[in-house]
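Residue-level structure breakdown
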Amino acid sequence: MSATIIDGKQIAADTRAEVAAKTAELKAKGIVPCLAVILVGENPASVSYVTGKQKALAECGMKDESVHLPESTSEEELLALIHKLNKDDTVHGILVQLPLPKHINEEKVLLAIDPEKDVDGFHPVNVGNMMIGKKAFLPCTPHGIIVLLEKMGIETKGKHAVVIGRSNIVGKPVSILLARRETNCTVTICHTGTPDIKTFTKQADIIVAASGHPNTVTADMVKDGAVVIDVGVNRIPDSTKKSGFRLVGDVDFEAIKEKASFITPVPGGVGPMTIAMLMANTLESAENRL
């Protein structure tokens, strides 16, 4: 048995196409969905992420109000810019690319974003609403994982999902989304304090690996027919590559794909869904204005 590879690139492309069609409808009503991505400094990974978001905005026919600020920008200047964008009715989404330079308080900055424009889904108001099942912008990567499961027709109701990792960005929110009535999984969260993760993963129908370490999940930890969602993006040295490294996830892909029923590759699995769901949230914010 060999697993079905979940093509996150294709599902993300389909999602962006749906968003583009709805964006065209909104434009006909005089509303142009608009996202402002704020980048402070020259972190190479951040610059690359922002470029990806700008490309997706163009593809979806949305307005790009991105702002690139120098590393020396003060916290006060950044907060003033967010305040200005909060008040601008033509801007529907605000996203501050993390990490920020050391002299800027990330928590303070994220709290400054109007929850109605927090298309990243990180503001405590949106997190709280998600927690109690009220309408909210859902964090993009966790929401993308749920969409992948839906689009692949993977049954979640009554299944045991094991999430490895408890970050505020992936682990905790995906646990909440998997446990919601619509998805109806029984969820176990494992983390660095879990004595024997294998005990739990061996029972799992669905494993979501978001630990940030290569080979966190090996084939002996996975039962036959499990669904494995790999959120990890790790650089490991590889002299055969021009860059000197290659990207791997948190699971031993080659070995596990012989046991699993479905598995996401890295790259090309969960990653592309993050930006696709950001576009969907920006569209939703613009529709809320209507």
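Because the structure is predicted, anything quoted here is derived from the model rather than measured. Sequence order as written defines the numbering, with residues in each chain counted from 1. With the structure being a predicted model, the display of local features is reserved for residues of pLDDT at least 70 and the display and counting of side-chain atom pairs for 80 or more, all residues being used for whole-chain, interface and lining totals. Note that the side-chain values use all heavy atoms of the structure and ignore hydrogens as well as water.

Some thoughts on the pairing of strand S6 (residues 160-164)
As a reminder, the rule being used: Here's how the labels work: a residue is buried when its accessible area is under 20% of the maximum for its type, exposed when over 50%, partly exposed in between, all with a 1.4 Å probe on protein chains only. For the purposes of this entry, the term helix denotes a DSSP run of H or I that reaches at least four residues, the term strand denotes a run of E that reaches at least two, and both are numbered from the N terminus. By the convention used here, strands pair only if DSSP detects at least 2 bridges between them. A clockwise path from the first strand over the helix to the second, with the strands pointing away from the viewer, defines a right-handed crossover.
Buried residues dominate S6, accounting for five of its five residues. Here S6 shows no split at all, with His160, Val162 and Ile164 on one side and Ala161 and Val163 on the other all buried. The pairing of S6 with strand S7 (residues 186-190) spans five bridges and is classified as parallel. Among the inter-strand pairings, His160 is bridged to a residue of S7, identified as Thr186. The parallel pair S6 and S7 is bridged by helix H7 (residues 171-179), and the resulting crossover is right-handed. With four bridges connecting them, S6 and strand S8 (residues 206-209) associate as parallel partners. Directly across from Ala161, in S8, lies its bridge partner Ile206.

A look at the pairing of strand S9 (residues 227-230)
Neither face of S9 is left uncovered, since the one carrying Val227 and Ile229 and the one carrying Val228 and Asp230 both have all their residues buried. Pairing of S8 with S9, which is carried by four bridges, proceeds in the parallel orientation. Among the inter-strand pairings, Ile207 is bridged to a residue of S9, identified as Val228. In the sheet, S9 pairs with strand S12 (residues 262-263) via two bridges, with the strands oriented parallel. Along S12, the bridge assignment pairs Val227 with Phe262.

What about the packing of helix H1 (residues 8-28) against helix H10 (residues 271-289)?
The angle between the axes and the distance between the axes are what describe a pair of packed helices. As a reminder, the rule being used: Axes, fitted as lines to C-alpha atoms, cover a helix only where it is in contact. Angles between the N-to-C directions of the axes lie from 0 to 180 degrees. For this classification, under 35 degrees means roughly parallel, over 145 means roughly antiparallel, 65 to 115 means roughly perpendicular, and everything else is oblique. The sense of a crossing depends on the near helix, which, turned anticlockwise from the far helix by less than a right angle, makes the crossing left-handed and, turned clockwise, makes it right-handed. The contact definition used throughout considers only heavy atoms, calling two residues in contact when any of these lie within 4.5 Å. Under the scheme applied here, ten amino acids are nonpolar (Ala, Val, Leu, Ile, Met, Phe, Trp, Tyr, Cys and Pro), four are charged (Asp, Glu, Lys and Arg), and all others, including Gly, are polar.
Following both chains from N to C, one finds H1 and H10 inclined at 15°, their axes separated by 8 Å at the closest point. Comparing the axis directions of H1 and H10 gives the class roughly parallel. H10 is crossed by H1, and the crossing has left-handed handedness. Side by side, H1 and H10 meet where Gly8, Lys9, Ile11, Ala12, Thr15, Arg16, Val19, Lys22, Thr23 and Leu26 of the first sit next to Pro272, Met273, Ala276, Met277, Met279, Ala280, Leu283, Ala286 and Glu287 of the second. Tallied by class, residues from the contact of H1 with H10 come to 12 nonpolar, three polar and four charged.

Things to note about H10
Basically, it comes down to this: Here a helix's expected span is defined as the number of its residues, less one, multiplied by 1.5 Å.
With 19 residues, H10 extends 29 Å between its outermost C-alpha atoms, agreeing within 8% with the 27 Å of an ideal straight helix rising 1.5 Å per residue. Considered for burial, the residues of H10 that qualify are Met273, Ala276, Met277, Leu278, Met279, Ala280, Asn281, Thr282, Leu283, Ser285 and Ala286. Summarising the contacts, the buried residues of H10 are in contact with H1, strand S2 (34-40), helix H2 (44-60), strand S5 (93-96) and helix H6 (140-151).

Brief notes about the side chain of Asn129
Turning to its location among the elements, Asn129 is positioned in helix H5 (residues 124-131). Judged by relative accessible area, which is 18%, Asn129 ranks as buried. Apart from the residues lying within four places of it in its own chain, the contact partners of Asn129 are Lys134, Lys135 and Ala136.

Digging into unusual backbone geometry
The residue after Leu98, namely Pro99, is reached through a cis peptide bond having omega 0°. Within the element layout of this structure, Pro99 appears in the loop between S5 and helix H4 (106-112). Cis geometry marks the peptide bond from Val266 to Pro267; its omega dihedral reads -5°. Along the chain, the position of Pro267 falls in the loop between S12 and H10. The phi dihedral of Asn184 falls on the positive side, at around 60°, and the residue is not glycine. Of note, Asn184 is situated in the loop between H7 and S7. Given a relative accessible area of 39%, Asn184 falls into the partly exposed group. Despite not being glycine, Asn215 shows a phi value in the positive range, around 55°. Checked against the element boundaries, Asn215 lands in the loop between S8 and S9.

Some thoughts on empty space enclosed by the protein
Under the convention used in this document: Computed over the protein atoms alone on a 1 Å grid, cavities are sets of points where a 1.4 Å probe fits but cannot get out and pockets are open sets with protein on both sides within 12 Å along at least five of seven lines; a residue lines them when it has an atom within 4 Å of a point. Grid points are joined across faces, edges and corners, and a volume is the space filled by probe spheres set on the points.
Taken as a whole and assessed by the stated rule, the structure comprises one cavity of 30 Å³ or more. Within this model, the largest cavity holds a volume of roughly 30 Å³. Lining of the largest cavity is provided by Ile94, Leu95, Val96, Leu110, Ile113, Asp118, Asp120 and Phe122. No other element matches the three residues that S5 contributes to the lining of the largest cavity. Residues of the lining of the largest cavity, tallied by class, amount to six nonpolar, no polar and two charged.

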